[in-house]
Amino acid sequence: MTFSILTFDKKTGTFAAAAATGSLCVGGWVLRGDIESGLVASQGTAPSTFWRDNVLRAMHQGQSAKEAVEAVTKSDPGRGHRQLIALDRQARAHGFTGADSVAYANHITEPGIAIAGNMLKGPEVLESMMSAARTDDISVADRMLRVLSAAKQAGGDSRGVLSAALLVLAPDRAPLDLRIDHSDDPISELESLCHRTRQPPYCDWLSEVPVLLDKSRAPE
């Protein structure tokens, strides 16, 4: 009941993801990421948090996105009601859309990008998301927000949108993990929240916390 996107920029080592849904708490249910593993989005009529977490662990242990996704999906008799996309540290993407997913449902993958959705107006939603994802004239966080807006404008979730989430993991910056769990306009609220993270004193404090390139970073 969700549309989501995962991306990875090999030049900067930055992972970014976003999702929105016509139900509550999309960030808590769907998105998971680890800068040393990759990204996963698990969704559908009966989304599996076990799929999500198991795939992330498998990629951390060195499995490709394809290997990890195929391992969790093939052994689950309820897979027809679930959907999953994953992106690993080598920018390899893979996805699964169960045969019983509520139409319109599908996923699109290419190196560095994975997009999925179900209960959508039609394929034009995923196509609009992919088009927005390929732009590079703005920051990665703003690009993810643009993707969500593009999906909504193309028809998005057929029930409307009630929650939205954004996740950005970069080797030289603190994680950005933002969620609007219930709102009549969650994408706009997510954009406003993202903007506030760039303002002091919050943005100043971010320069003092550990990051992948400096795991012992602290105030001087």
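Anything mentioned here points back to the structure above.
Residues numbered from 1 in each chain as written. Predicted model: local features only at pLDDT ≥ 70, side-chain atom pairs only at ≥ 80, totals over all residues. Heavy atoms only, no water.

### Considering the overall build of the protein chain
Within the protein chain, the regular secondary structure consists of seven helices and 10 strands. In terms of C-alpha radius of gyration, the protein chain reaches 16 Å, essentially the compact-globule figure of 17 Å for 220 residues. Referenced to the eigenvectors of the C-alpha coordinate spread, the extents of the protein chain come out at roughly 55 × 40 × 30 Å. Each of the 220 residues in the protein chain was classed as buried or not, and the buried ones make up 50%. Long-range contacts, defined as pairs at least 24 residues apart, comprise 53% of the intrachain contacts of the protein chain with a sequence gap of at least 6. Carbon and sulfur atoms make up 50% of the accessible area of the protein chain, which totals about 10300 Å². In the protein chain, 23 side chains carry a positive charge and 27 a negative one; their mean positions are 4 Å apart. (Helix = DSSP H or I, 4+ residues; strand = E, 2+ residues; numbered from the N terminus. Rg over C-alpha atoms; globule rule 2.2 N^0.38 Å. Buried < 20%, exposed > 50% of the residue type's maximum accessible area, 1.4 Å probe, protein only. Contact = heavy atoms within 4.5 Å. Areas by Shrake-Rupley, 256 points an atom, 1.4 Å probe, with all protein chains shown as cover. Lys, Arg positive; Asp, Glu negative; His and termini not counted. Charge placed at Lys NZ, Arg CZ, Asp CG, Glu CD.)

### With respect to the pairing of strand S2 (residues 14-21)
A large share of S2 lies buried, amounting to eight of its eight residues. Side chains Thr-14, Ala-16, Ala-18 and Ala-20 of S2 all project onto a buried face; the interleaved residues Phe-15, Ala-17, Ala-19 and Thr-21 project onto the opposite face, where all are buried too. Two elements, strand S1 (residues 2-9) and S2, share eight bridges in a ladder whose sense is antiparallel. Note on S2: the bridge partner recorded for Asp-9 is Thr-14. (Pairing = 2+ DSSP bridges.)

Functional significance is not addressed by these values, which are geometric in nature.
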